[in-house]
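Breakdown of the fold
Each chain, written out:
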Amino acid sequence: MFPVVMPTYARADLAFERGEGAYLFTADGRRYLDFAAGVAVNALGHCHPRLVKALTAQAAKVWHTSNLYRVAGQESVAAKLVERSFADTVFFCNSGAEALECSIKMARRHHFAAGNPQRYRIICAEGAFHGRTLATVAAGGQKKHLEGFAPAVDGFDHVPYGNLNALRASITEETAAILVEPVQGEGGIVPGDPDYLRRLRATADEFGLLLIFDEVQTGMGRTGTLFAHEQAGIAPDIMGVAKGLGGGFPVGACLATTKAASGMVPGTHGSTFGGNPLAMAVAGEVLDIMAEPGFLEHVQAMAALLRSKVEDTAARFPGVVEEVRGLGLMLGIKPRMPNTEMVARLAEGGLLTVGAGDNIVRLLPPLIINDAQVDEAVGILARAFDEVK
Ligand SMILES: *Cc1c(COP(=O)(O)O)cnc(C)c1O
């Protein structure tokens, strides 16, 4: 019989009943240190008391009214995002793919509104990941995500990530925008060089293109700054965020400058659930917590500690680990065995991690981890490396 839950995922045979901070617990009481964090979603860990309070307080007031009416939570969360970013305006949605769909539509619409509807193509990077809708799999350009879903949505050109010359050579009269992740996540934790990101900005300006950053995974403090691109000292025109924004409650957002959003007038885009009061209550609290003094400094300190300890451990097992790379609390370990086997072994040892492209094992801990939890994770890594060496 076909499984009642459609079998589109290769799931581990694990189910969690409860979470607390950086830990998850199974029904039979086994405890796991969660360095998967729901794939970079549970930025503040599980059941953060302030998020539980924000959600339950809103749940007792009103859950959903739709975008037929003003939503106070949208106005306050948008104001917070605008205050802390390059953006002037925000569209709320429910996921990363939707944040990117909005980004793509906005870029096309911007040129349409400027009288250049022929400018609709977007230059993307090889190895990219932008979601699983028809447009975002086309933007990602990965064969394995496109197979069987032809015809692919038109309008996406792909060049090697990090190669500015190839990107410049692919610009035509039809190019509307450049879309990249500041650190490729699903592609295998590939950090973009800050200089590359700065040159993308300069190239976009030179050719009148919009620069779109997909910060769905890198955003919300993950790399040690609220958004990863801040570290390159430049800003995009459009940015998609999701994952960490709701700390586990589904929410996404597309941020833009007034200029980039110039074509987005009433009727051009929408979402029934986007910016729902429950999502806004949680996202507002997430942003408040991340704005508190010392929050991002803590992320930076934990990132430096984890990085150095993982590197030291990896250096002790050169036959097991080929490379350690990443930015902030977005770390990739490249084992010399299949990453799926390493992820399974680490889970057996009590540490949850996530696979990624290029045979990478991703460490994406909650941003609230402490020194002891870094040590605990590194201990589990060391035992697993020792077992397979
Ligand atoms: C996860 C992810 C997405 C897709 O987000 P969904 O919420 O799964 O639609 C898009 N871009 C990047 C960089 C991601 O990591």
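Residues numbered from 1 in each chain as written. Predicted model: local features only at pLDDT ≥ 70, side-chain atom pairs only at ≥ 80, totals over all residues. Heavy atoms only, no water.

In the nomenclature of an unreviewed UniProt entry, the protein corresponds to Acetylornithine aminotransferase from the organism Paramagnetospirillum magneticum. According to its UniProt record, the protein has this under Subunit (unreviewed entry): "Homodimer." Under the Pathway (unreviewed entry) heading, UniProt states for the protein: "Amino-acid biosynthesis; L-arginine biosynthesis; N(2)-acetyl-L-ornithine from L-glutamate: step 4/4." (UniProt positions renumbered as here; feature names shortened; annotations may be inferred.)

**Overview of the packing of helix H11 (residues 339-348) against helix H12 (residues 371-388)**
It is the contact of H11 with H12, at a shortest axis distance of 9 Å, that shows an interaxial angle of 125°. As the angle between them shows, H11 and H12 are arranged oblique. As for the relative orientation of H11 and H12, their crossing is right-handed in sense. Across the interface between the two elements, Met 342, Arg 345 and Leu 346 from H11 touch Ile 380, Leu 381, Ala 384, Phe 385, Glu 387 and Val 388 from H12. Of the residues contributing to the contact of H11 with H12, the split by class is 7 nonpolar, no polar and 2 charged. (Axes fitted to C-alpha atoms, helices over the stretch in contact; angles between N-to-C directions. Helix = DSSP H or I, 4+ residues; strand = E, 2+ residues; numbered from the N terminus. Parallel < 35°, antiparallel > 145°, perpendicular 65-115°, else oblique. Left-handed = near helix turned anticlockwise from the far one by under 90°. Contact = heavy atoms within 4.5 Å. Nonpolar A, V, L, I, M, F, W, Y, C, P; charged D, E, K, R; others polar.)

**Observations concerning the packing of helix H10 (residues 295-316) against H12**
Packed helices, taken two at a time, are described by the angle their axes make and the gap between the axes. Contact geometry of H10 with H12 gives a least axis separation of 10 Å together with a crossing angle of 20°. Here H12 runs roughly parallel to H10, going by the angle between their axes. Our pair here, H10 against H12, has a crossing hand that is right-handed. Seen from H10, the contacting residues are Met 302, Leu 305, Leu 306, Lys 309, Val 310, Thr 313 and Arg 316; seen from H12, they are Asp 371, Val 374, Asp 375, Val 378, Leu 381, Ala 382 and Phe 385.

**A few points about the UniProt feature "modified residue: N6-(pyridoxal phosphate)lysine" (unreviewed entry) in the protein**
Here, the residues flagged by UniProt with the feature "modified residue: N6-(pyridoxal phosphate)lysine" (unreviewed entry) are Lys 243. Here Lys 243 shows up in the loop between strand S11 (238-241) and strand S12 (252-256). Excluding its chain neighbours within four sequence positions, the residues that come into contact with Lys 243 are Val 39, Ala 40, Val 41, Glu 186, Val 216, Gln 217 and Val 251.

**A short note on the packing of aromatic side chains**
Tallied over the entire structure, the rule returns 3 aromatic pairs. Geometrically, the ring pair formed by Phe 317 and Phe 385 is edge-to-face, given 6.0 Å between the ring centres and 70° between the ring planes. Of this pair, Phe 317 sits in the loop between H10 and strand S13 (321-327) while Phe 385 sits in helix H12; the two residues are 68 residues apart in sequence, bridging distant segments of the chain. Phe 317 gets classed as buried once you look at its relative accessible area, which sits at 7%. (Phe/Tyr/Trp six-rings, centres within 6.5 Å; stacked < 30°, edge-to-face > 60°. Buried < 20%, exposed > 50% of the residue type's maximum accessible area, 1.4 Å probe, protein only.)

**Considerations on the site of the ligand**
All residues adjacent to the ligand are Ser 95, Gly 96, Ala 97, Phe 129, His 130, Gly 131, Glu 181, Asp 214, Val 216, Gln 217 and Lys 243. Between Phe 129 and the ligand, the recorded distance is 3.3 Å, taken from a backbone N or O atom to a nitrogen atom. Contact with the protein chains removes 81% of the 380 Å² of surface that the ligand exposes when unbound. (Near = heavy atom within 4 Å. Polar contact = N/O pair within 3.5 Å; in protein donor to acceptor, adjacent residues only side chain to side chain. Areas by Shrake-Rupley, 256 points an atom, 1.4 Å probe, with all protein chains shown as cover.)

**Quick notes on the pattern of salt bridges**
Taken as a whole and judged by the stated rule, the model has 23 salt bridges. Between Arg 201 and Asp 205 there is a salt bridge; the shortest N-O distance is 2.7 Å. Linking Arg 201 with Asp 205, this pair stays in helix H8 (residues 194-207), spanning 4 residues, or about one helical turn. Each member of the salt-bridge network shares a partner with another, and the members are Glu 322, Glu 323, Arg 325, Lys 334 and Asp 358. (Salt bridge = Lys/Arg side-chain N within 4 Å of Asp/Glu carboxyl O.)

**Re the sheet that holds strand S17 (residues 360-363)**
Pairing is antiparallel in the open sheet, where 4 strands are placed in the order S13-S14-S17-S16. Each edge of the sheet is formed by a strand with only one pairing partner; in this case those strands are S13 and strand S16 (354-356). On average, each strand axis in the sheet is tilted by 30° relative to the strand beside it, whichever way the strands run. Contacts from H10 reach S13, strand S14 (330-335) and S17, with the element oriented near 170° to S13. (Pairing = 2+ DSSP bridges.)

**As for the nonpolar core**
Core analysis: the largest hydrophobic core is formed by 62 residues, its most contacted members being Leu 81, Leu 255, Met 290, Leu 306 and Val 310. The leading source of residues in this core is helix H9 (residues 277-291), at 8 residues. When residues of this core are assigned to domains, at least three map to each of domain 1 (16-34 + 294-388) and domain 2 (50-290). Each residue touching Leu 306, except ones within four places of it in the same chain, is listed here: Phe 35, Leu 329, Leu 331, Leu 363, Pro 365, Val 374 and Val 378. Ala 99, Cys 124, Ala 176 and Ala 242 belong to the second largest nonpolar core, which has 25 residues in total. (Core = buried A, V, L, I, M, F, W, Y, C linked by side-chain atoms within 4.5 Å. Domains from an automatic or database assignment.)

**What about unusual backbone geometry?**
Cis geometry is found at the peptide bond from Ala 150 to Pro 151, where omega equals 0°. Tracing the backbone shows Pro 151 in the loop between helix H6 (143-146) and strand S6 (156-159). One non-glycine residue with positive phi stands out, namely Ser 66, at about 80°. Here Ser 66 shows up in the loop between helix H2 (49-59) and helix H3 (72-83). Residue Asp 358 is not a glycine yet carries a positive backbone phi of 60°.

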